[in-house]
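Structure assessment
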Amino acid sequence: MSRERFRQTGEQSFFGQLVYDRIVPEGHFLMRLDRIIPWDRFAKKLVRYYQGKAFYGPPPYNPVLLLKMLLLSYLYDVSEREVEDLVNFNLVAKCFVGLAVDEPAPDHSTLSLFKSRLVANRKTDAFEMLLKEIIAIATEQGVVFGSLQILDSVHVVADVNVAKDEQRQSKGQDARDPDAAWGVKHTKKVRDQQGNKVEQKEYFYGYKQHVSVNAGTGLITSVTHTAGNAYDGHQLPTLVKSDAAQGIPVKTVTADKAYDDGENHEFLHANNMHSAIRLNDYRTTKKDANKGIWIALQQSPEYRAGLKERYKVEPKFGEGKEQHGFRRCRYVGLLRFAVQGFLTVLTMNLKRLVVLITGHQSRRRMTAPVTA
């Protein structure tokens, strides 16, 4: 029976496992991560995106090796050019990806080709599969998911100098990133010169990542990606359906006022879920005979309990921005932003899994290992 053929990397040679066994500490974060994840299961799923499926032609690198290199790039917030050096000159990183001590790392162009293969159909199916597999592995390893999901969105600034881009467009040139759009970063109430309270909006140019976080585990279970001007509330059904399809025992969904849409409340009710979406003030202050249903919702124990847990999503966004470069887009275009978004989420979920499964608390901020 034929099977996939991958390029030999010499990990089991004299310059491979023997050296690593003597030098690489078993308790290093990457070694803990390597032990808890059955990486081989990703090889067959990812090789489907290769021409010839690794049965024909020159043997390619094992896709798991390339996936691990991409994850290192996001884990330590270094570019794909820099991660090549990291793997070449750091024993722990080289051991983690599965290379012998004397085996050179794939170059950054190989990583670019790998990503291109995974999105050759202009879809992110491969990355969605990876996220679902991580959630499935968590369940298999005994991680118990809670019944409360937290929905929110995070803005990411496009890789565009807006002033220069506007000058280019005024001369008839195309926008650098035509998929990006202006969106509202946040709204706050301030006093104007007359002392009246008014809403002040701060805008950004870029994209949004919409996430569903399990409050019990801290794992991000589902994501979508849109331009910066997308309405957050429209993402709720897609995220909740994705969670349910994965077997997440969703009973209550909480979110901020941006998700307070009648259709969202009705969707949750129709699917036997409780709404803990923070209500806009007009729901309960308007002179309307129907406001009683909103007052009852506000007073329900599920609503109150859900809102108390909503804060847990903010540290996830802070982690992505501060530790994994998710303040700004690495690439141009919605599809490439989605790739960045998925890899960022996969990285954070893997960090969290090490804590949940091994009980080992990683350092507050992951930094790149010192290289030779």
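Cut-offs applied
Residues numbered from 1 in each chain as written. Predicted model: local features only at pLDDT ≥ 70, side-chain atom pairs only at ≥ 80, totals over all residues. Heavy atoms only, no water. Helix = DSSP H or I, 4+ residues; strand = E, 2+ residues; numbered from the N terminus. Rg over C-alpha atoms; globule rule 2.2 N^0.38 Å. Buried < 20%, exposed > 50% of the residue type's maximum accessible area, 1.4 Å probe, protein only. Areas by Shrake-Rupley, 256 points an atom, 1.4 Å probe, with all protein chains shown as cover. Lys, Arg positive; Asp, Glu negative; His and termini not counted. Charge placed at Lys NZ, Arg CZ, Asp CG, Glu CD. Contact = heavy atoms within 4.5 Å. Axes fitted to C-alpha atoms, helices over the stretch in contact; angles between N-to-C directions. Parallel < 35°, antiparallel > 145°, perpendicular 65-115°, else oblique. Left-handed = near helix turned anticlockwise from the far one by under 90°. Nonpolar A, V, L, I, M, F, W, Y, C, P; charged D, E, K, R; others polar. Patch = residues over 30% accessible without salt bridge, like charges linked within 9 Å, V, L, I, M, F, W, Y side chains within 5 Å. Salt bridge = Lys/Arg side-chain N within 4 Å of Asp/Glu carboxyl O. Core = buried A, V, L, I, M, F, W, Y, C linked by side-chain atoms within 4.5 Å. Phe/Tyr/Trp six-rings, centres within 6.5 Å; stacked < 30°, edge-to-face > 60°. Lys NZ or Arg CZ within 6 Å of the ring centre and 35° of its normal. Pairing = 2+ DSSP bridges.

This next bit is on the overall build of the chain. When helices and strands are counted, the chain shows 16 helices and six strands. Taken over the C-alpha trace, the chain has a radius of gyration of 23 Å; the compact-globule value for 372 residues is 21 Å, and the two agree within 12%. For the chain, the C-alpha atoms occupy an extent of roughly 80 × 55 × 40 Å along the three principal directions. In the chain, buried positions account for 49% of the 372 residues. Surface exposure of the chain reaches about 18900 Å², of which carbon and sulfur atoms provide 49%. Averaging the positions of the 53 positive and the 42 negative side-chain charges in the chain gives two centres separated by 2 Å.

Turning to the side chain of Lys-115, a few remarks are in order. Its place among the elements puts Lys-115 in helix α7 (residues 108-118). Classification of Lys-115 as buried rests on a relative accessible area of 12%. Contacts of Lys-115, omitting those with residues within four sequence positions, involve Leu-70, Glu-80, Tyr-331 and Val-339.

All right, on to the packing of helix α8 (residues 125-140) against helix α16 (residues 334-358) then. Taken N-terminus to C-terminus, the directions of α8 and α16 make an angle of 10°; their axes are 10 Å apart at the nearest point. Here α16 runs roughly parallel to α8, going by the angle between their axes. Helix-helix and strand crossings are classified by hand; for α8 and α16 the assignment is left-handed. Together, Phe-127, Glu-128, Leu-130, Leu-131, Ile-134, Ile-135 and Ala-138 of α8 and Val-339, Phe-342, Leu-343, Val-345, Leu-346, Asn-349, Leu-350 and Leu-353 of α16 make up the contact between the two elements. Counted by class, the contact of α8 with α16 contains 13 nonpolar, one polar and one charged residues.

This brings us to the packing of helix α10 (residues 236-245) against helix α11 (residues 262-270). At a closest axis distance of 10 Å, the pairing of α10 and α11 adopts a crossing angle of 20°. Taken as axis vectors, α10 and α11 run roughly parallel relative to one another. As for the relative orientation of α10 and α11, their crossing is right-handed in sense. Seen from α10, the contacting residues are Leu-236, Pro-237, Val-240 and Lys-241; seen from α11, they are Asn-264, Phe-267 and Leu-268.

As a further point, take a nonpolar patch on the surface. Residues Trp-182, Val-184 and Tyr-203 make up a contiguous nonpolar surface patch of about 310 Å² in total accessible area. Structurally, the position occupied by Tyr-203 is in strand β3 (residues 197-214). For Tyr-203, a relative accessible area of 47% corresponds to the partly exposed category.

Leu-30, Ile-37, Trp-39, Phe-42, Leu-72 and Leu-236 are the most contacted members of the largest nonpolar core, which totals 96 residues. Looking at this core element by element, the count peaks at eleven residues for α16. Among all residues touching Ile-37, those that are not within four sequence positions of it are Phe-42, Ile-137, Leu-350 and Leu-353.

This brings us to unusual backbone geometry. Of note, the phi angle at Asp-77 is positive, near 50°, even though the residue is not glycine. Examined against the element boundaries, Asp-77 turns out to sit in the loop between α4 (63-75) and α5 (80-89). Positive phi values are uncommon outside glycine, yet Asn-272 reaches one of about 60°. By secondary structure assignment, the location of Asn-272 is in the loop between α11 and β6 (274-277).

A separate point is the pattern of salt bridges. The tally for this structure, following the rule as stated, stands at 17 salt bridges. The shortest N-O distance in the salt bridge between Lys-115 and Glu-80 comes to 2.7 Å. Here Lys-115, found in helix α7, pairs with Glu-80, found in helix α5; they are 35 residues apart in sequence, far enough to count as distant. A salt bridge links Lys-316 to Glu-319; its shortest N-O distance comes to 3.7 Å. One end of the pair, Lys-316, and the other, Glu-319, are both in helix α15 (residues 313-323), three residues apart, so they sit about a helical turn from each other.

Turning our attention to the packing of aromatic side chains. Considering all chains together, one arrives at seven aromatic pairs under this definition. With 6.5 Å between their ring centres and 65° between their planes, Tyr-50 and Phe-114 make a pair best called edge-to-face. With a gap of 64 residues between them, Tyr-50 in the loop between α3 (40-46) and α4 and Phe-114 in helix α7 connect regions that are remote in the sequence. Note that Arg-283 overlies the ring of Trp-294, its terminal NZ or CZ placed 4.3 Å from the centroid.

Here we come to the side chain of Asn-349. Its location among the elements puts Asn-349 in helix α16. In this structure Asn-349 touches Leu-131, Ile-134, Ile-135, Leu-219 and Ile-220, once residues within four positions along its chain are discounted.

Moving on, we get to the pairing of β3. Where strand β1 (residues 148-157) and β3 come together, nine bridges link them in antiparallel fashion. For Val-157, the partnering residue across the bridge sits in β3 and is Gly-206. Bridge count between strand β2 (residues 181-191) and β3: ten bridges; the pairing is antiparallel. Along β3, the bridge assignment pairs Ala-181 with Gly-206. From the end of β2 to the start of β3, which pair antiparallel, there are five residues, and Gly-195 there has a positive phi angle of about 85°. In terms of strand pairing, β3 meets strand β4 (residues 220-227) through seven bridges, oriented antiparallel. By the bridge assignment for β4, Ser-212 is matched with Ser-222. The turn joining β3 and β4, which pair antiparallel and follow one another in sequence, is formed by five residues; a positive phi near 80° is taken by Gly-218.

So far we have only geometry, and geometry alone does not tell us how the molecule works.
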